[in-house]
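A closer look at the structure
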Amino acid sequence: MARASARHILVDSEATALDLKRRIESGESSFEDLAKEYSSCPSGKGGGDLGAFGRGDMVPEFDRVVFGDLPVGKVSDPVKTQFGYHILEVTARS
């Protein structure tokens with residue numbers, strides 16, 4: 001069974017998610033620091049770390065990105081779920 005480890009930042013708007021992605025990719029800020037500052041998910045306190053999980057453990061929108069073609073270590077485009085907008089980074093996949 002496929003497993004992955006990932007982290008995310010959950011925000012209210014796509015514009016905010018895009019801005020955070022830009023700041024991470026430019027090296028202006030770290031994923032962990034922005035998760036702590038901006039994420040509305042409790043995981044934000046831990047830098048957005050979601051730990052390890054299998055396919056189907058998260059919402060379908062997460063599965064499509066985490067178990068899709070997003071390279072490990074790259075930040076996703078915003079992903080909309082019922083909770084808001086997420087940017088995701090897969091930290092490991094097996």
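Above: the structure in question.
The structure contained in this document is the topic of the report that follows.

Okay, helix α1 (residues 14–25) next. Over its 12 residues, α1 runs 16 Å from end to end, which matches the ideal 16 Å to within 8%, given 1.5 Å per residue. Ala17, Leu20, Lys21, Arg23 and Ile24 are the residues of α1 that are buried. Down the axis of α1, the buried set is contained in an arc of 160 degrees. They therefore lie on one face. Residues Ala15 and Glu25 are exposed on α1 and point more than 90 degrees away from its buried face. On its buried face, α1 sits against β1 (3–11), α2 (31–38) and β4 (84–93).

The next thing to look at is the environment of Thr81. Within the secondary structure layout, Thr81 lies in strand β3 (residues 79–81). It is 16 Å that separates the C-alpha atoms of Thr81 and Ser43, two residues lying 38 residues apart in sequence. Not counting residues up to four positions away in its chain, the partners in contact with Thr81 are Val59, Glu61, Phe62 and His86.

Turning our eyes to something else, we now look at the sheet that holds strand β2 (residues 49–54). With respect to topology, 4 strands assemble into an open sheet ordered β2-β1-β4-β3, the strand pairing being antiparallel. The open sheet has two edge strands with one neighbour each: β2 and β3. Along the sheet, successive strands turn relative to each other by an average axial angle of 45 degrees, direction set aside. Sheet topology places β1 next to β2; 5 bridges connect them, and they run antiparallel. The residue bridging Ala6 from the neighbouring strand is Gly51, located in β2. Helix-sheet contacts for α1 involve β1 and β4, and the interaxial angle to β4 is about 35 degrees. The strands touched by α2 within the sheet are β1 and β4, with β1 carrying the most contacts at an inclination of about 50 degrees.

In terms of residue burial, β4 counts as a mostly covered element, since 7 of its 10 residues are buried. Pairing analysis gives 8 bridges linking β1 to β4, with the strands arranged antiparallel. Its bridge partner lying in β4, Leu10 is registered against His86. Bridging between β3 and β4 involves 3 bridges; their strand directions are antiparallel. Across the sheet, residue Thr81 finds its bridge partner in β4, namely Gly84.

What counts, and at which threshold
Residues numbered from 1 in each chain as written. Predicted model: local features only at pLDDT ≥ 70, side-chain atom pairs only at ≥ 80, totals over all residues. Heavy atoms only, no water. Helix = DSSP H or I, 4+ residues; strand = E, 2+ residues; numbered from the N terminus. Expected span 1.5 Å × (residues − 1). Buried < 20%, exposed > 50% of the residue type's maximum accessible area, 1.4 Å probe, protein only. Arc of directions from axis to C-beta. Contact = heavy atoms within 4.5 Å. Pairing = 2+ DSSP bridges. Axes fitted to C-alpha atoms, helices over the stretch in contact; angles between N-to-C directions.

So, to be careful, I would describe these as geometric facts and stop short of saying anything about function.
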